[in-house]
Amino acid sequence: MSIEQIIVEKLRTLPPEKQQEALDFVEFLQTKTLKREFYNQEQQSRVSALTLAQKWAGCLEGGPSDLSTNKKYMDGYGE
């Protein structure tokens, strides 16, 4: 006998209000499972900006390597 069949047999022995409680619980479990699956899919589909720009990283030459440490290149900005 399968788990599903055992549950159905036991459910039939309960009064209607307890059957409703069981149904509410099953629906709660379904919702919880769907939320978990959605969360897992969303986590797997996330991609960082670095990953998206990887092919362009380091493709520019000739400019300063770091503007924040070379004050000469920052003259006139923010005024």
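1. Details of the overall build of the protein chain
Step number 1: From N to C terminus, the protein chain includes four helices and zero strands.
Step number 2: Element order for the protein chain, N to C, with α for helix and β for strand: α-α-α-α.
Step number 3: Every one of the 79 residues in the protein chain was classed for burial, and the buried ones make up 0%.
Step number 4: Here the protein chain displays about 7,800 Å² of accessible surface, and carbon together with sulfur accounts for 57% of that area.

2. Topic: a nonpolar patch on the surface
Step number 1: Together, Phe25, Phe28 and Leu29 line one region of the surface with nonpolar side chains, adding up to about 290 Å² of accessible area.
Step number 2: On the secondary structure map, Leu29 appears in helix H2 (residues 16–45).

3. Considerations on the pattern of salt bridges
Step number 1: Under the criterion given, the structure shown has one salt bridge.
Step number 2: Of the charged contacts, one joins Lys18 and Glu21 as a salt bridge, the two residues approaching to 3.3 Å between their closest N and O atoms. Placement of the pair is Lys18 and Glu21 together in helix H2, with a separation of three residues, close to one helical turn.

4. Considering the confidence of the model for the protein chain
Low-confidence regions, as indicated by low pLDDT, have predicted coordinates that should not be scrutinised in detail.
Step number 1: Residues with a pLDDT of 70 or more make up 81% of the protein chain, whose mean pLDDT is 82.
Step number 2: Here helix H4 (residues 71–74) stands out as the least confident element of the protein chain, with mean pLDDT 70; helix H1 (residues 3–12) is the most confident, with 95.

Analysis parameters
Residues numbered from 1 in each chain as written. Predicted model: local features only at pLDDT ≥ 70, side-chain atom pairs only at ≥ 80, totals over all residues. Heavy atoms only, no water. Helix = DSSP H or I, 4+ residues; strand = E, 2+ residues; numbered from the N terminus. Buried < 20%, exposed > 50% of the residue type's maximum accessible area, 1.4 Å probe, protein only. Areas by Shrake-Rupley, 256 points an atom, 1.4 Å probe, with all protein chains shown as cover. Patch = residues over 30% accessible without salt bridge, like charges linked within 9 Å, V, L, I, M, F, W, Y side chains within 5 Å. Salt bridge = Lys/Arg side-chain N within 4 Å of Asp/Glu carboxyl O. pLDDT = per-residue confidence, 0-100.

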